[in-house]
Amino acid sequence: MPVSASASVVAPAILALSLLAAVPAHAAMDLPMPAQLSGATATDETALAARRYAAFWQSGDPALARLALADDFIDRSLPAGRPQGLAGPLQASQVFHAAVPDLKVAIEQMLVAGDRVSLRLHFTGRFTGVFPTPQGELRGQGQAIDFHAFDLYRVNGQGRISDNWHLEDNLTLLRQLGVLAP
C-alpha cells in the first residue's frame, strides 16, 4: 500500500480515537429517554440535565450527579437526615443502590417549560441487598420494587439542575421493602 493511502486511512482513525478519549465514559452512556416529552427535544440542554440526573439515579455514578447538578444545588424537599447540596443525592443513591442493586429508572413523562422540567419517574428493581431501618438492617429476599416519583427541576444557564422539588411514593416503597406492613 502506498504511504499516502495508509496515511489517509490512519489519520482519521487516530483523530476519531483522540476525540473518543476526550469524552468521559459516562457522557457516552445511554441516558434514559422520556416515553413522553413536551416542550423541548431530548437533546435540549434543559432536558439533558434531567436525563443525566435520571441516569445518575439508575446507575449510582457520582460523575453523572456532578454533571447534572449545579455547584449550588438545593433540594427544596430535603428529607430529614439528608445533607443539603450534592452530598444529599449521593448519600441517598448509595443507600438505595445497596438495597436495590439492579435499580432501573424510566422517565415516563417530561415537560420542559423555560428553565423548569417536570418529570414522572418510574423506579423498578429487586430488593436483594440491605436497607437500614431504625431497628437495624433489613435484608432483601428478592421482592419486587415498583414505585413512582414526581420531580420538578430548575435548570441554570449552564445546563445544570440548581433546584429540585420532589415527591416519592415512599409508602409503597416501604411496604415493598417490608419496613411497613402491606
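Residues numbered from 1 in each chain as written. Predicted model: local features only at pLDDT ≥ 70, side-chain atom pairs only at ≥ 80, totals over all residues. Heavy atoms only, no water.

Draft legend 1. Looking closely at the overall build of the protein. If you tally the helices and strands in the protein, you get six helices and eight strands. Listing every helix and strand of the protein by position from the N terminus yields α-α-β-α-α-β-α-β-β-β-β-β-β-α. Taking all 182 residues of the protein together, the buried fraction comes to 36%. Residue pairs at least 24 apart in sequence account for 58% of intrachain contacts in the protein once pairs closer than 6 positions are excluded. A total of about 9,900 Å² of accessible surface is found on the protein, and carbon and sulfur atoms cover 60% of it. (Helix = DSSP H or I, 4+ residues; strand = E, 2+ residues; numbered from the N terminus. Buried < 20%, exposed > 50% of the residue type's maximum accessible area, 1.4 Å probe, protein only. Contact = heavy atoms within 4.5 Å. Areas by Shrake-Rupley, 256 points an atom, 1.4 Å probe, with all protein chains shown as cover.)

Draft legend 2. Structural view of the sheet that holds strand β1 (residues 36–38). If you walk across this open sheet you meet the six strands as β1-β3-β4-β7-β8-β2, and the pairing is mixed. Bordering the open sheet on either side are β1 and β2 (69–75), each of which pairs with just one other strand. With direction set aside, neighbouring strand axes in the sheet form an average angle of 25°. Summarising the sheet, strand β7 (residues 143–155) and strand β8 (residues 161–168) pair through seven bridges and their orientation is antiparallel. For arginine 154, the partnering residue across the bridge sits in β8 and is aspartate 163. The strands touched by helix α6 (residues 170–177) are β4 (116–127), β7 and β8; relative to β7, the strand with the most contacts, the crossing angle is about 150°. (Pairing = 2+ DSSP bridges. Axes fitted to C-alpha atoms, helices over the stretch in contact; angles between N-to-C directions.)

Draft legend 3. Fine view of the environment of serine 118. As for its position among the elements, serine 118 is in strand β4. A C-alpha to C-alpha distance of 7.3 Å links serine 118 and phenylalanine 150, two positions 32 residues apart in sequence.

Draft legend 4. Up close: the pattern of salt bridges. Enumeration according to the criterion identifies seven salt bridges in this entry. Here aspartate 71 ties to arginine 160 by a salt bridge, and the two come within 3.2 Å at their closest N and O atoms. A residue pair is termed long-range when its members are at least 10 positions apart, and aspartate 71 in strand β2 and arginine 160 in the loop between β7 and β8 qualify at 89 residues. Overall, arginine 160 belongs to the partly exposed group, its relative accessible area being 22%. When the shortest N-O distance is used, the salt bridge between arginine 120 and glutamate 108 registers 2.4 Å. Taken together, the positions of arginine 120 in strand β4 and glutamate 108 in strand β3 (residues 104–113) put the pair twelve residues apart, joining distant regions of the chain. Given the relative accessible area of 33%, arginine 120 is considered partly exposed. (Salt bridge = Lys/Arg side-chain N within 4 Å of Asp/Glu carboxyl O.)

Draft legend 5. Representation of the side chain of histidine 97 in the model. Among the secondary structure elements, histidine 97 is positioned in helix α5 (residues 87–99). For histidine 97, a relative accessible area of 15% translates into the label buried. Polar side-chain contacts of histidine 97 include one of 2.7 Å to the backbone oxygen of tryptophan 57. When neighbours within four sequence positions are excluded, histidine 97 is seen to be in contact with Phe56, Trp57, Gln58, Ser59, Gly60 and Leu103. (Polar contact = N/O pair within 3.5 Å; in protein donor to acceptor, adjacent residues only side chain to side chain.)

Draft legend 6. Looking closely at the layout of surface pockets. The calculated volume of the largest pocket comes to roughly 760 Å³. Taken together, 29 residues form the lining of the largest pocket, with Arg82, Ala92, Phe96, Asn170 and Leu173 sitting closest to its centre. Listing elements by their share of the lining of the largest pocket, those giving two or more residues are α3 (45–59), α5, β4, β5 (130–133), β7, β8 and α6. If one sorts the elements of the lining of the largest pocket by residue count, α5 sits on top with five residues. (1 Å grid on protein atoms, 1.4 Å probe; cavity = no way out; pocket = protein on both sides within 12 Å on 5 of 7 lines; lining within 4 Å. Points joined across faces, edges and corners; volume = space filled by probe spheres on them.)

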